[in-house]
Amino acid sequence: MSTTMPDIANHTTAQTEGTLDWVGMSNIEMPIMLASKDESERMVSAHVDAFVNLKDPQAKGIHMSRLYLLIDELSNNGVLNYQTLVTLLDGFISSHHDLSDNAKVQFKFDYHLRRKSLISGKQGWKAYPVTLTGRLNKGELTIELSVDVRYSSTCPCSAALARQLIQRAFKDTFLNEQSVDLNDVHEWLGTTDGIIATPHSQRSVAEVKVKLGANIKDLPITDIVNAIEDALQTPVQAAVKREDEQEFARLNGQNLMFCEDAARRLQHIMLANSDYDDFWLKINHLESLHAHDAVSITTKGVVGGYQP
Ligand SMILES: Nc1nc2c(ncn2[C@@H]2O[C@H](COP(=O)(O)OP(=O)(O)OP(=O)(O)O)[C@@H](O)[C@H]2O)c(=O)[nH]1
């Protein structure tokens, strides 16, 4: 004797009627094989959100299992790239005909890249938090990539104040000398009395989100990371020998940055790149002077686009 199971989603109607913008699942944990431009395919440990709209006001609900199994198929047998992302979104909608005409999927994961040290030629891994989001809205496709890049920022105001103290200490030390001996000054500069003050710097995070233009068919994670790090000049390092640390100190001294400066540097490179239809960026300087953060936010300024 076979028993039939109740199918609430198909055979009952909503107690209270209404359409819904998004229904689905969040935080599905899955390994995903990812293909990103110019990189070998690699496995990432992803947290996935999957949604469709519910356009039938009377339908009891969507079919969660259908969304889950489509992502599971990608995880188990496929590779996530631009095209399979689009196919997945199509599958969300075609598995919900009559119920849905919008779909959204979001993958959050750490993407590891080998990064070179500044001078010594060593290499090490760095993990970049990435969010890849795809949306199909009434047939209109949007693909967004967002990457967090950590870097160091040294306060320009603090640097100026420290320089002033160093100048004062120099005057106090050599005030009574008729002429100043080059070697004496050189030696004095190499002591903690010489460099009496150091400016504060902080671990900083640039959060950058871009909307990929229609001409982009590969996921440009490394391109975005490289562009951000080149613009800021002081990304946090992986493998560090002393010569690398000294170069890092020089780069920090030559790239003094308020959060406004960092935001403008990134704004500049993003505006110059026609691959991105829109961008949103947030700079966070996790202050060491304060217990709070210094923050700046900006967008491309597209009408109807990202809001600050
Ligand atoms: N729609 C919906 N389903 C939920 C929710 N919470 C748990 N589920 C369960 O998700 C399970 C899978 O739903 P369906 O995809 O409709 O499963 P199914 O009827 O076996 O699959 P189909 O035959 O493809 O429709 C069901 O057992 C639901 O009870 C919820 O909040 N909304």
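Residues numbered from 1 in each chain as written. Predicted model: local features only at pLDDT ≥ 70, side-chain atom pairs only at ≥ 80, totals over all residues. Heavy atoms only, no water.

Asks: What is the right way to look at the pattern of salt bridges in this model?
Replies: A side chain with one charge may pair with a side chain of the opposite charge, provided their charged atoms come close. Summed over all chains, the structure comprises 8 salt bridges. A salt bridge links Glu-229 to Arg-115; the shortest N-O distance between them is 2.8 Å. Highlighted residues: Glu-229 in helix α6 (residues 221-232) and Arg-115 in strand β3 (residues 102-116), separated in sequence by 114 residues. Across the pair, exposure class does not vary: Glu-229 and Arg-115 are buried alike. Ionic pairing is found between Glu-247 and Arg-250, a salt bridge with its closest N-O pair at 2.9 Å. Of this pair, Glu-247 and Arg-250 both sit in helix α7 (residues 242-254), 3 residues apart, which is roughly one turn of the helix. Given a relative accessible area of 18%, Glu-247 falls into the buried group. On the basis of relative accessibility, which here comes to 44%, the residue Arg-250 falls in the partly exposed class. Among the charged side chains, a salt-bridge network with shared partners connects Lys-37, Asp-38 and Asp-223. (Salt bridge = Lys/Arg side-chain N within 4 Å of Asp/Glu carboxyl O. Helix = DSSP H or I, 4+ residues; strand = E, 2+ residues; numbered from the N terminus. Buried < 20%, exposed > 50% of the residue type's maximum accessible area, 1.4 Å probe, protein only.)

Asks: What exactly am I supposed to notice about α7 here?
Replies: Given 3.6 residues per helical turn, the α-helix brings residues three or four places apart onto the same face. Taking 1.5 Å as the rise per residue, α7 with 13 residues should run 18 Å; its terminal C-alpha atoms sit 18 Å apart, in good agreement. In the core, the buried residues of α7 are packed alongside β5 (140-154). (Expected span 1.5 Å × (residues − 1). Contact = heavy atoms within 4.5 Å.)

Asks: What exactly am I supposed to notice about the site of the ligand here?
Replies: The immediate surroundings of the ligand are formed by Asp-7, Ala-9, Ile-62, His-63, Met-64, Ser-65 and Arg-66. Within the backbone of Ile-62, an N or O atom sits 2.9 Å from a nitrogen atom of the ligand. Here an oxygen atom of the ligand and a side-chain polar atom of Ser-65 are 2.5 Å apart. Relative to its unbound accessible surface of 650 Å², the ligand loses 42% to contact with the protein. (Near = heavy atom within 4 Å. Polar contact = N/O pair within 3.5 Å; in protein donor to acceptor, adjacent residues only side chain to side chain. Areas by Shrake-Rupley, 256 points an atom, 1.4 Å probe, with all protein chains shown as cover.)

Asks: Which parts of the structure should I look at to understand the domain arrangement of the chain?
Replies: How big an interface is tends to be expressed through the accessible area that disappears when the partners come together. In terms of domain boundaries, the chain breaks down into domain 1 (17-155 + 200-299) and domain 2 (156-189). Between domain 1 and domain 2, the C-alpha centre-to-centre distance is 47 Å. Regarding the contact of domain 1 and domain 2, the summed buried area is about 410 Å², with carbon and sulfur atoms giving 70% of it. Where domain 1 touches domain 2, the interface holds 0 salt bridges. Run the count over domain 1 and domain 2 and you get 4 residue pairs in polar contact (both at pLDDT 80 or more). Among the residues forming the side of domain 1 that touches domain 2, the class breakdown is 4 nonpolar, 2 polar and 1 charged. (Domains from an automatic or database assignment. Buried area = accessible area lost by both parts, 1.4 Å probe. Nonpolar A, V, L, I, M, F, W, Y, C, P; charged D, E, K, R; others polar.)

Asks: Help me understand the environment of Asp-218, please; the structure alone is not making it clear to me.
Replies: Structurally, Asp-218 can be placed in the loop between β6 (201-212) and α6. It is 27 Å that separates the C-alpha atoms of Asp-218 and Arg-66, two residues lying 152 residues apart in sequence.

Asks: Looking at this structure, I do not really get the nonpolar core. What am I missing?
Replies: In a soluble, globular protein the nonpolar side chains are often hidden away together inside. In terms of nonpolar packing, the biggest core is built from 63 residues, with Phe-107 and Phe-109 touching the most fellow members. The dominant element in this core, judged by the number of residues it contributes, is helix α3 (residues 82-94), at 7 residues. With residues near it in sequence (within four places) discarded, Phe-109 still touches Leu-34, Val-44, Ser-45, Ala-46, Tyr-128, Pro-129, Val-130, Leu-132 and Ile-221. (Core = buried A, V, L, I, M, F, W, Y, C linked by side-chain atoms within 4.5 Å.)

Asks: It is not clear to me how the environment of Leu-113 should be interpreted in this structure. Could you clarify?
Replies: Inspection of the secondary structure puts Leu-113 in strand β3. Note on Leu-113: relative accessible area 3%, which makes it buried. Put simply, Leu-113 and Trp-125 are 12 residues apart on the chain and 5.6 Å apart in space, counted from C-alpha to C-alpha. Ignoring anything within four residues of it in the chain, the contact list for Leu-113 reads Glu-39, Arg-42, Gly-124, Trp-125, Lys-126, Tyr-128, Thr-222 and Val-225.

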